[in-house]
Amino acid sequence: QVQLVESGGGLVQPGGSLRLSCAASISIFSLDFMAWHRQAPGKQRELVARITSAGLTNYADSVKGRFTISRDNAKNTVCLQTDSLKPEDTAVYYCYAIFRGVTYWGQGTQVTVSS
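The present account deals with the structure reproduced in this document. None of these values were measured; they are calculated from a predicted model. (Residues numbered from 1 in each chain as written. Predicted model: local features only at pLDDT ≥ 70, side-chain atom pairs only at ≥ 80, totals over all residues. Heavy atoms only, no water.)

Considerations on the overall build of the protein
What counts is decided by this rule: Helix and strand definitions here come from DSSP, where helices need a minimum of 4 consecutive H or I residues and strands a minimum of 2 consecutive E residues; each element is numbered from the N-terminal end. The atom set for the radius of gyration is the C-alpha atoms, and the globule formula is 2.2 Å times the number of residues raised to the power 0.38. With a 1.4 Å probe rolled over the protein chains alone, any residue whose accessible area is under 20% of its type maximum counts as buried; one over 50% counts as exposed, and the rest are partly exposed. Residue contacts follow a heavy-atom distance rule, with two residues in contact if any of their heavy atoms lie within 4.5 Å.
Within the protein one finds zero helices and eleven strands. Tracing the protein from N to C terminus, the helices and strands come up as β-β-β-β-β-β-β-β-β-β-β. Relative to a compact globule of 115 residues, whose C-alpha radius of gyration would be 13 Å, the protein shows 13 Å and is just as compact. Taking the principal axes of the C-alpha coordinates as reference, the protein spans close to 40 × 25 × 25 Å. Residues counted as buried form 43% of the 115 residues belonging to the protein. Pairs at least 24 residues apart make up 53% of the contacts formed inside the protein by residues separated by at least 6 positions.

Overview of the sheet that holds strand 1 (residues 4-7)
Under the convention used in this document: When DSSP locates at least two bridges between a pair of strands, those strands are taken to pair. Here an angle of 0 to 180 degrees is reported between the N-to-C directions of two axes, which are lines fitted to C-alpha atoms, with helices fitted over the stretch in contact.
Read from one edge of the open sheet, four strands run 1-3-8-7, paired in antiparallel fashion. Pairing within the sheet leaves two strands with one partner each, and these edge strands are strand 1 and strand 7 (67-72). Put simply, the sheet's adjacent strands are angled 15° from each other on average, direction ignored. As paired elements, strand 1 and strand 3 (residues 18-24) share four bridges and run antiparallel to each other. Bridging from a neighbouring strand, V5 pairs with A23 of strand 3.

Focus: the pattern of salt bridges
To keep things clear, this is the line we draw: We count a salt bridge whenever a side-chain nitrogen from Lys or Arg sits within 4 Å of a carboxyl oxygen from Asp or Glu.
Under the counting rule described, the total for this entry stands at four salt bridges. Residue R38 pairs with D89 through a salt bridge whose shortest N-O separation is 2.9 Å. Of this pair, R38 sits in strand 4 (residues 33-39) while D89 is found in the loop between strand 8 (77-82) and strand 9 (91-99), placing the two residues 51 residues apart along the sequence. Note that D61 and K64 form a salt bridge whose closest N and O atoms lie 3.1 Å from each other. K64 shares its class with D61; the two are exposed. A single salt-bridge network, built from bridges that share partners, covers R38, E46, R66 and D89.

Some thoughts on the packing of aromatic side chains
Condition: Any pair of Phe, Tyr and Trp rings, taking the six-membered ring for Trp, is counted once the centres come within 6.5 Å. Such a pair is stacked with planes under 30 degrees apart, edge-to-face with planes over 60 apart, and tilted for the rest.
Applying the stated rule across the entire model yields three aromatic pairs. For the pair F33 and Y96, a centre-to-centre distance of 5.9 Å together with 45° between the ring planes defines the contact as tilted. Pair noted here: F33 is in strand 4 and Y96 is in strand 9, with a separation of 63 residues, a long-range link. Among the residues examined, F33 registers a relative accessible area of 16% and is labelled buried.

Right, here's the structure in full:
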C-alpha cells in the first residue's frame, strides 16, 4: 500500500506560479515512476508530467516550458513547479504512482488561475 499526499495548490493570478508537492509513504526509489495528472471541470483527467526512477521526464505539450517535475529522494517527494500559469491550467491536480504493478492516486489539490 502506498499513500500519496499532495499539497501546494491554491488561487493564483494569471502569470503566477505555484509549487505542488507529493509526499509518498514509501521510498520513491521503489516506485516505477511518479506523475502529475489534472482534471478540469467537465473534462477528462490528463497527464501533465511524469518522472521515472532514473529521473527521465516528459510533459504534456500544453505545459512544456512552463512546468517542471522533479524529485527529492531524501524526502520521498515529487514536486511540480508551475510557472506562467494560465486560466486553462485551472484543475484539480493529482499525484500518481505505480508500485509493483498497482496504481495509486493522491486525493488531489485544487489549482485555480484567475484574476
